[in-house]
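Now for the letters of each chain:
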Amino acid sequence: MIQRIQTVFLFLLAVAVIAMLFLPLWSKTDAVTGETVILTAWEVKSAMLNEAGEPAAAGQTPSRSAIAIGILAIAAAIVALVEIFQYRNRLNQMKLGLLNTLVLAALFGTSFYYAAYVAAPMVTAEDNGSYHAGFYMPMLALLLNALSNRFIKRDEDLVRSVDRLR
């Protein structure tokens, strides 16, 4: 049944990781040169900021690909959407939920790796940079996945208890 609460959680999970594809994940600005490095789900790019703090020109540092983040986010969204339509087979739903937990953990780890070890050394600044909304989407997705798995397990336990009574 598609109208169950876990369907809402899984749909919100898919929305969160798809939103991550369009939001910046992390940025760091060099106060001396005004160069900013921005991590998105697809690339690490640098830009020169103007007085208003908006990107005015390309930075001196060449951009680097971060496509692994985008691929993992798309994979997590696809697994969640497939999991929604497996409502007739709750055991498959639980297996897909476990798979999605692993994909989301890999997504979070990959995002952190790119922010801390790939993008951070591209600009010399004293701070560690700032994390943006897109960086927190995998954590929200992990929470939503855990909630959906809990309700799927509750449904399975309810069905098994009714089968015992027959």
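Residues numbered from 1 in each chain as written. Predicted model: local features only at pLDDT ≥ 70, side-chain atom pairs only at ≥ 80, totals over all residues. Heavy atoms only, no water.

Participant: Which residues make up the pairing of strand 2 (residues 35-39), and what are the values?
Facilitator: Among the five residues of strand 2, five are classified as buried, and the element is accordingly described as predominantly covered. By the alternation rule, side chains of strand 2 split into Glu35, Val37 and Leu39 and Thr36 and Ile38, which are all buried. Where strand 1 (residues 26-29) meets strand 2, four bridges bridge the pair, whose relative direction is antiparallel. Bridging from a neighbouring strand, Lys28 pairs with Val37 of strand 2. (Buried < 20%, exposed > 50% of the residue type's maximum accessible area, 1.4 Å probe, protein only. Helix = DSSP H or I, 4+ residues; strand = E, 2+ residues; numbered from the N terminus. Pairing = 2+ DSSP bridges.)

Participant: I'd love a proper account of the packing of helix 1 (residues 5-20) against helix 3 (residues 90-119), names of residues and values included.
Facilitator: Between helix 1 and helix 3, whose axes approach to 13 Å, the crossing angle comes to 25 degrees. In terms of orientation, helix 1 and helix 3 fall into the roughly parallel class. With respect to the hand of their crossing, helix 1 and helix 3 are arranged in left-handed fashion. Note on element contacts: helix 3 touches helix 1 through Asn100, Leu104, Leu107 and Ser111, opposite Leu13, Val17 and Met20. (Axes fitted to C-alpha atoms, helices over the stretch in contact; angles between N-to-C directions. Parallel < 35°, antiparallel > 145°, perpendicular 65-115°, else oblique. Left-handed = near helix turned anticlockwise from the far one by under 90°. Contact = heavy atoms within 4.5 Å.)

Participant: I'd like a description of helix 2 (residues 67-84), backed by residues and values.
Facilitator: The periodicity of an α-helix, 3.6 residues per turn, causes residues three or four positions apart to be oriented the same way. For helix 2, which comprises 18 residues, the first-to-last C-alpha distance of 26 Å matches the rise-based estimate of 26 Å (1.5 Å per residue) to within 8%. Turning to helix 2, its buried residues are Ile69, Gly70, Ala73, Ala76, Ala77, Val79, Ala80, Glu83 and Ile84. (Expected span 1.5 Å × (residues − 1).)

Participant: So, the packing of aromatic side chains: which residues are in play, and what are the values?
Facilitator: Each aromatic ring pair is summarised here by two numbers: the centre-to-centre distance and the angle between the ring planes. Counted by the stated rule, this structure contains six aromatic pairs. Taking the centre distance of 5.8 Å and the plane angle of 35 degrees together, the rings of Phe9 and Phe151 count as tilted. Within this pair, whereas Phe9 is found in helix 1, its partner Phe151 is found in helix 4 (residues 133-165), the two being separated by 142 residues in sequence. Geometrically, the ring pair formed by Phe108 and Phe135 is tilted, given 5.4 Å between the ring centres and 55 degrees between the ring planes. Taken together, the residues Phe108 in helix 3 and Phe135 in helix 4 connect sequence positions 27 residues apart. Judged by relative accessible area, Phe108 falls into the partly exposed class, the value being 26%. Cluster of aromatic residues (ring-pair linked, three or more members): Phe108, Tyr131, Phe135 and Tyr136. (Phe/Tyr/Trp six-rings, centres within 6.5 Å; stacked < 30°, edge-to-face > 60°.)

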